[in-house]
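# Architecture at a glance
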Amino acid sequence: MANAKRPSPQTELQHARRELTRHDPLWPEQLTVLAVILLSLTLPDQLTVGPPWLLPAVEGALFVALVATTPSGHRRREPPGRRHLRIGLVSLMSAGSVASLFFLARYGINADKVNGKALLGGGAVLWLTAVLLFALWYWEMDRGGPIARAAEPDTGIDFVFPQMQEPRWARDGWLPRIPDFLYLSFVNAATFAPPESHFPITSIAKLVLSLQSLGALVTDTLIVARAVNLLG
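## Considering the overall build of the protein
What the protein contains, in helices and strands, is nine helices and two strands. Reading the protein from its N end, one meets helices and strands in the order α-α-α-α-α-α-β-α-α-β-α. The 232 residues of the protein split such that 42% are buried. Considering only contacts in the protein between residues 6 or more positions apart, those separated by 24 or more positions represent 70%.

## What about the packing of helix α2 (residues 27–40) against helix α5 (residues 116–141)?
Interaxial distance between α2 and α5 falls to 10 Å at its minimum, and their mutual angle equals 155°. Between α2 and α5, the interaxial angle falls into the category roughly antiparallel. Of the two elements, α2 crosses α5, and the hand of that crossing is left-handed. In this structure, α2 contributes Glu29, Thr32, Val33, Ala35, Val36 and Leu39 to the contact, and α5 contributes Val125, Leu128, Thr129, Leu132, Leu133, Leu136 and Trp139. For the contact of α2 with α5, the per-class residue count stands at ten nonpolar, two polar and one charged.

## Re a nonpolar patch on the surface
Where nonpolar side chains cluster on the molecular surface, the patch consists of Phe192, Ile204, Leu207, Leu211, Leu214 and Leu217 and spans about 530 Å² of accessible area. Looking at the element boundaries, Leu214 is found in helix α9 (residues 203–231).

## As for the packing of aromatic side chains
What the rule picks out here adds up to seven aromatic pairs. Ring plane angle 70° and centroid distance 6.3 Å describe the contact between Phe159 and Phe181, whose orientation is recorded as edge-to-face. One end of the pair, Phe159, is in strand β1 (residues 159–160); the other, Phe181, is in helix α8 (residues 178–191), and 22 residues separate them in sequence. The two residues Phe159 and Phe181 agree in class, both being buried.

## Here we look at empty space enclosed by the protein
Applying the stated rule across the entire model yields one cavity of 30 Å³ or more. Approximately 150 Å³ is the volume attributed to the largest cavity. Per-element accounting of the lining of the largest cavity gives the leading share, four residues, to helix α4 (residues 82–110).

## Here's the deal with unusual backbone geometry
A positive phi angle is found at Arg143, which is not glycine, with a value near 55°. Mapped onto the secondary structure, Arg143 falls in the loop between α5 and α6 (146–151). With a phi close to 60°, Phe192 is a non-glycine residue in the positive phi region. In this fold, Phe192 is placed in the loop between α8 and β2 (199–200).

## Describing the layout of surface pockets
Estimates place the volume of the largest pocket at around 420 Å³. Along the wall of the largest pocket there are 22 residues; nearest its centre are Val98, Ala130, Phe134, Leu211 and Gln212. The set of elements that each furnish at least two residues to the lining of the largest pocket consists of α4, α5 and α9. Looking at the lining of the largest pocket element by element, the count peaks at nine residues for α9. Taken together, the residues of the lining of the largest pocket break down into 17 nonpolar, five polar and no charged.

## Things to note about the nonpolar core
Counting 40 residues, the largest nonpolar core has Val33, Met93, Tyr138, Phe159 and Phe181 as the members making the most contacts within it. Elements with a contribution of two residues or more to this core: α2, α3 (54–68), α4, α5, α8 and α9. Tallying contributions element by element places α5 first for this core, with eleven residues. When residues no more than four places from it in sequence are discounted, the contact partners of Phe181 are Ala135, Tyr138, Trp139, Asp142, Arg149, Phe159, Phe161 and Pro176.

## Points about the pattern of salt bridges
Going through the model one piece at a time under the given rule, you end up with six salt bridges. Arg143 is the partner of Asp142 in a salt bridge, and the nearest nitrogen-oxygen pair spans 3.1 Å. A relative accessible area of 7% places Arg143 in the buried class.

## Considerations on the environment of Tyr138
Note that Tyr138 resides in helix α5. In the structure, Tyr138 is positioned 43 residues away from Phe181 in sequence and 6.3 Å away in space, judged by C-alpha atoms. For Tyr138, the residues in contact, after removing those within four places along its chain, are Phe159, Phe181, Leu184, Ser185, Asn188, Val208, Leu209 and Gln212. A polar side-chain atom of Tyr138 sits 2.7 Å from a polar atom in the side chain of Gln212.

Reading the values: rules and limits
- All residue numbers refer to position in the chain's written sequence, counted from 1.
- Where local features are concerned, this predicted model is filtered to residues with pLDDT of at least 70; where side-chain atom pairs are given and counted, the filter is 80 or more; whole-chain, interface and lining totals use all residues.
- The side-chain quantities take in all heavy atoms of the structure and omit both hydrogens and water.
- What counts as a helix is a DSSP run of H or I of at least four residues, what counts as a strand is a run of E of at least two, and both are numbered from the N terminus.
- Three labels apply to residues, based on accessible area from a 1.4 Å probe with only protein chains included: buried if under 20% of the type maximum, exposed if over 50%, partly exposed otherwise in between.
- Working rule for contacts: check all heavy atoms of both residues, and any pair within 4.5 Å makes them a contact.
- Here an axis means a line fitted to C-alpha atoms, over the contact stretch when the element is a helix, while the angle between two N-to-C directions is reported on a 0 to 180 degree scale.
- An angle below 35 degrees is treated as roughly parallel, one above 145 as roughly antiparallel, one from 65 to 115 as roughly perpendicular, and anything else as oblique.
- The sense of a crossing depends on the near helix, which, turned anticlockwise from the far helix by less than a right angle, makes the crossing left-handed and, turned clockwise, makes it right-handed.
- All amino acids are sorted into three groups, where Ala, Val, Leu, Ile, Met, Phe, Trp, Tyr, Cys and Pro are nonpolar, Asp, Glu, Lys and Arg are charged, and the leftover types, Gly among them, are polar.
- Patch definition: residues with relative accessible area over 30% and no salt bridge; like charges joined within 9 Å; nonpolar side chains (Val, Leu, Ile, Met, Phe, Trp, Tyr) joined within 5 Å.
- Computed with the Shrake-Rupley method and a 1.4 Å probe, the accessible areas treat only the protein chains shown as cover for residues.
- Any Lys or Arg side-chain nitrogen found within 4 Å of a carboxyl oxygen on Asp or Glu counts as a salt bridge.
- Side-chain rings of Phe, Tyr and Trp (the six-membered ring for Trp) are treated as a pair once their centres are within 6.5 Å; stacked means planes under 30 degrees apart, edge-to-face means over 60, and tilted covers the remaining angles.
- We place a 1 Å grid over just the protein atoms. Points where a 1.4 Å probe fits but has no way out form a cavity, open points with protein on both sides within 12 Å along at least 5 of 7 lines form a pocket, and any residue with an atom within 4 Å of a point lines it.
- Grid points are joined across faces, edges and corners, and a volume is the space filled by probe spheres set on the points.
- By convention a nonpolar core is built from buried Ala, Val, Leu, Ile, Met, Phe, Trp, Tyr and Cys residues, the set being connected through side-chain atoms within 4.5 Å.
- In the analysis that follows, any N or O atom pair within 3.5 Å is treated as a polar contact, provided that within protein one partner can donate a hydrogen and the other can accept it, and provided that, for residues neighboring in sequence, both atoms belong to side chains.

Structure follows, in structure tokens:
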């Protein structure tokens, strides 16, 4: 009996993309990106890079392009370069958030007259923005991104989730989605450590989690603590 013909790499990739659409739709990621852009609009002028409208406008244009190229209906294949667009957009938002955190720290430490409420509000916005951004990074980083994750779910794991340790807790073909990475990001930022049931495997995952914890620590100690003292 002749051996069954193995599907071509292109067929396997198309199957992975169909699995992505079924198990990990892209709209939660898009809502997370939109939330980050909207949060950036609430920052005061002194915490923004250039004119307050400039960075959100560029991010908004990239977001529109991201939505316009979303696979839907019969067109399940992701257009070439779409993942690069996603990573570029998240990188741009992350750079803007880091710059705003620097401006906020300089304002809180060096300004002669510091408004405690403004300082606390800016710190809260940047903390929440970082939670959303790191969730996007984890979603994009784990196993090479959503499409690679759907193609080879057991290869190159960066994060371990409870459903991976106890399959009876998950449906067949379970894959982590944006809410799973949001929870990981939120707990890591709030406690400076990932949840006990979610832990990093690879060195890069440990490094990125550590960077998030460091950023949250700076925000909490230098910004929030200073604002509380001023309000007190």
